[in-house]
Every structure is written in structure tokens, then in C-alpha cells.
Amino acid sequence: MTINGKWNMIIKTPMGDQKPVLTMKQEGDVLIGGFDGEHGPMELVNGKIEGNKLTWTGKMKKPVPMSLVFEAEMDAEGNLSGKCKLGPFGKSNFTGTPV
């Protein structure tokens, strides 16, 4: 499985559904990329790939600065699903579909 492309995301948050576009590229077992959404761009850091499991952190700047920690699984069609730790605001579910 190679992970290169864009995904339309839906992240369930206390502020409502957030719908950024996620761009990812695989370099060995490292995942790089970023989000582009309503609150501006956010770079992926510490991205890792292990089989069909993906993890990464995003440093959100607006509307409240915080780290978002993602744990995802990718199915055979390239869809993403998982959980995101929203800094001090608990965990949320998210999904992503390839663009």
C-alpha cells in the first residue's frame, strides 16, 4: 500500500464537523503532508505508517492553538477512519475519502 494523494476529511468536533482536505505522501515508513481547511493550513508532523495504520500530529494555530493527534486505519479502497485527540477537548472520530 502506497499513500500518496488527497482526502476529503470529516472530523467530528465540539465546534461541529470540520471538513479539511488532507494531502499525504509516503516516504518509506514516514508520512508527510498537511491539511487545508477553514482554519488555515496545518502541517503533518511525526507521521508514521505501519501496515494499514497511520499516525500523525498536526499543530493547529486557529481558532485555538493546540496539537491534534491522529490515529487512522486505511481500508483497501483508500478510505480513512480513526480517532483524533483534540488537545484538552477529548477525542473525536474522523473519516476521509480519496479525492
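Residues numbered from 1 in each chain as written. Predicted model: local features only at pLDDT ≥ 70, side-chain atom pairs only at ≥ 80, totals over all residues. Heavy atoms only, no water.

Draft legend 1. Just the environment of Met-9, in detail. Examined against the element boundaries, Met-9 turns out to sit in strand S1 (residues 4-13). Looking at Met-9, the relative accessible area reads 2%, which means it is buried. When the C-alpha positions of Met-9 and Gly-37 are compared, they lie 9.6 Å apart, and in sequence the two are 28 residues distant. Sequence-distant contacts of Met-9, defined by excluding residues within four places in its chain, comprise Gln-18, Lys-19, Pro-20, Leu-22, Phe-35, Leu-80, Phe-94, Thr-95 and Gly-96. (Helix = DSSP H or I, 4+ residues; strand = E, 2+ residues; numbered from the N terminus. Buried < 20%, exposed > 50% of the residue type's maximum accessible area, 1.4 Å probe, protein only. Contact = heavy atoms within 4.5 Å.)

Draft legend 2. Quick look at unusual backbone geometry. A cis geometry characterises the amide bond from Lys-62 onward to Pro-63, with omega recorded as -5°. The phi dihedral of Asn-46 is positive, around 55°, even though this residue is not glycine. Relative to the helices and strands, Asn-46 resides in strand S5 (residues 40-50). The exposed category is assigned to Asn-46, whose relative accessible area is 57%.

Draft legend 3. Expanded view of the nonpolar core. By size, the foremost hydrophobic cluster in this structure holds 23 residues, and its most contacted members are Leu-22, Met-24, Leu-54 and Trp-56. Mapped onto this core, the elements with two or more residues apiece are S1, strand S3 (21-27), strand S4 (30-37), S5, strand S6 (53-60), strand S7 (66-74) and strand S8 (80-86). The leading source of residues in this core is S7, at 5 residues. Apart from the residues within four sequence positions on either side, Leu-22 is in contact with Gly-5, Lys-6, Trp-7, Met-9, Gly-34, Phe-35, Leu-44, Trp-56 and Leu-80. (Core = buried A, V, L, I, M, F, W, Y, C linked by side-chain atoms within 4.5 Å.)

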